[in-house]
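Chain by chain, the residues run as shown.
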Amino acid sequence: MTDQRRPGTRNPRFGPGGPGPSPHARGISVTRNHDVIRRWAEQRGARPATVPGSEYDGRLGVLRFDFPGYGGAVLRRVNWDEWFATFDARELRFWYQEPGVDRPPSNFNRLEPPR
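Residues numbered from 1 in each chain as written. Predicted model: local features only at pLDDT ≥ 70, side-chain atom pairs only at ≥ 80, totals over all residues. Heavy atoms only, no water.

**What about the nonpolar core?**
In a soluble, globular protein the nonpolar side chains are often hidden away together inside.
Thinking step 1. Grouped together as the largest cluster of nonpolar side chains are 17 residues, with contacts concentrated most on F65, W83, F87 and F94.
Thinking step 2. Listed by contribution, the elements that provide at least two residues to this core are α1 (34–43), β3 (63–66), α2 (80–89) and β5 (93–97).
Thinking step 3. When residues in this core are grouped by element, the largest group, four residues, is from α2.
Thinking step 4. With residues near it in sequence (within four places) discarded, F87 still touches T31, R32, H34, I37, L63, L92, R93, F94 and L111. (Core = buried A, V, L, I, M, F, W, Y, C linked by side-chain atoms within 4.5 Å. Buried < 20%, exposed > 50% of the residue type's maximum accessible area, 1.4 Å probe, protein only. Helix = DSSP H or I, 4+ residues; strand = E, 2+ residues; numbered from the N terminus. Contact = heavy atoms within 4.5 Å.)

**What about the confidence of the model for the protein chain?**
Thinking step 1. Considering every residue of the protein chain, the mean pLDDT works out to 82; 76% of them sit at 70 or more.
Thinking step 2. Below pLDDT 50 for its whole length, residues 1–15 participates in 28 contacts with residues either more than four positions away or in separate chains. (pLDDT = per-residue confidence, 0-100.)

**Things to note about the pairing of strand β2 (residues 47–50)**
Thinking step 1. Where β2 and β3 come together, four bridges link them in antiparallel fashion. Counted as the bridge partner of P48 is F65 from β3.
Thinking step 2. Here β2 runs beside strand β4 (residues 76–77); their pairing, made up of two bridges, is antiparallel. Across the sheet, the residue bridging to A49 is R77, located in β4. (Pairing = 2+ DSSP bridges.)

**Some points on the sheet that holds β5**
Thinking step 1. On the basis of which strands lie adjacent, the open sheet formed by three strands has the order β1-β5-β6 and antiparallel pairing. The two strands at the open ends of the sheet, each matched to only one other strand, are β1 (28–31) and β6 (109–112). Across the sheet, the mean angle from the axis of one strand to that of its neighbour is 20 degrees, orientation sign disregarded.
Thinking step 2. Across four bridges, β5 lies against β6 in antiparallel orientation. From the neighbouring strand, F94 faces β6, where its bridge partner is L111.
Thinking step 3. Along the sheet, α1 contacts β1, β5 and β6; its crossing angle with β5, the most-contacted strand, is approximately 40 degrees. (Axes fitted to C-alpha atoms, helices over the stretch in contact; angles between N-to-C directions.)

**Thoughts on α2**
Thinking step 1. For α2, the full list of buried residues reads W80, W83, F84, T86 and F87. Take α2 and look down its axis: the buried residues cluster within an arc of 160 degrees, on one side only.
Thinking step 2. Close packing links the buried residues of α2 with β1, α1, β2, β3, β5 and β6.
Thinking step 3. Its side-chain oxygen placed 3.0 Å from the backbone nitrogen of D81, N79 serves as the N-cap of α2.
Thinking step 4. Once α2 finishes, E91 follows within two positions and takes phi at roughly 55 degrees, a positive value. (Arc of directions from axis to C-beta. Polar contact = N/O pair within 3.5 Å; in protein donor to acceptor, adjacent residues only side chain to side chain.)

Next comes the structure, spelled out in structure tokens:
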């Protein structure tokens, strides 16, 4: 098995409890703020999306971002209101990486439920 994953898929090396420096030392931030999330996505040309067939009870299933040039053929774009309604209903947290002096902008992101 290779260690390559599609953008936005879970990687045990990131987030709390993963090996290496703390998330904040790697420029990782966590938020629930809609404006911050939307600005982060739009700066990268990403659009809110879901995985087709993952819906249940009339709600979106798996939430993703559709980045230009990455796997959009397997994603269904949705509007921000629908995406954030699902994000809020599940009380998700958005982990993302900020660019740094020695780090270019990154598409790293992760959605996690509360612990």
